[in-house]
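Inside the fold
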Amino acid sequence: MNEDRTELRPDGPPTGERNWSRIDWNELDFLKWPGLELLGARGGCSEMVLHVEEHHRGGGGHPLSINGGIVSYMFDALLGAAVASTWDDETVGQVTITLTTQFTGQITAANELRGEANVTRRGGSTVFVEGRILSEDGSVGAFCTGIFKLFRKR
């Protein structure tokens, strides 16, 4: 995925509308504020990294433990980017319907967490997606499934 970082770029019409499937996600406060970076999103797959800072830590009794709320936030962005990469010309927006997260162990990282997601099924207005977040040692720390609703031009 890293080889195609330009897939999601602004190309909306001159009216000022944004084509959310082509925005530069890394310029959105939604990603910049928590320290997330979208590495790539294309063809229903996405890859993202969290640049870990002290305010991401909490719980687990380990000094490198990452708070579960931060992981859930990352999943929403990660899965959403995978969904947005499947938009066609008739799609104008999307919202998260559900995110179901299962933690498989303590998630720890000194510097960064990595996540990956892929769309598993896409209907007319509903998209199913799954993802995982890896601790810095490469072990899977959490899985997530999500359902997103697409909005179409009228």
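Residues numbered from 1 in each chain as written. Predicted model: local features only at pLDDT ≥ 70, side-chain atom pairs only at ≥ 80, totals over all residues. Heavy atoms only, no water.

**What to know about the pattern of salt bridges**
Cut-off, in case you're wondering: Salt bridge, as applied in this entry: a Lys or Arg side-chain nitrogen positioned within 4 Å of an Asp or Glu carboxyl oxygen. Each residue is assigned to one of three classes by its accessible area relative to the maximum for its type, calculated with a 1.4 Å probe on protein chains only: buried under 20%, partly exposed between the two thresholds, exposed over 50%. Every helix listed is a DSSP run of H or I at least four residues long, and every strand listed is a run of E at least two residues long, numbered separately from the N terminus.
Taken as a whole, this structure holds six salt bridges when the rule is applied. Where Arg57 meets Glu54, a salt bridge forms, and the shortest distance between an N and an O atom there is 3.3 Å. Judged by its relative accessible area of 16%, Arg57 is buried. Residue Asp88 is joined to Arg152 by a salt bridge in which the shortest nitrogen-to-oxygen separation is 2.8 Å. Within this pair, whereas Asp88 is found in the loop between α2 (68–84) and β3 (91–103), its partner Arg152 is found in strand β6 (residues 140–152), the two being separated by 64 residues in sequence. On the accessibility criterion, Arg152 (28% relative accessible area) is partly exposed. Members of the salt-bridge network, linked through shared partners, are Glu47, Glu112 and Arg114.

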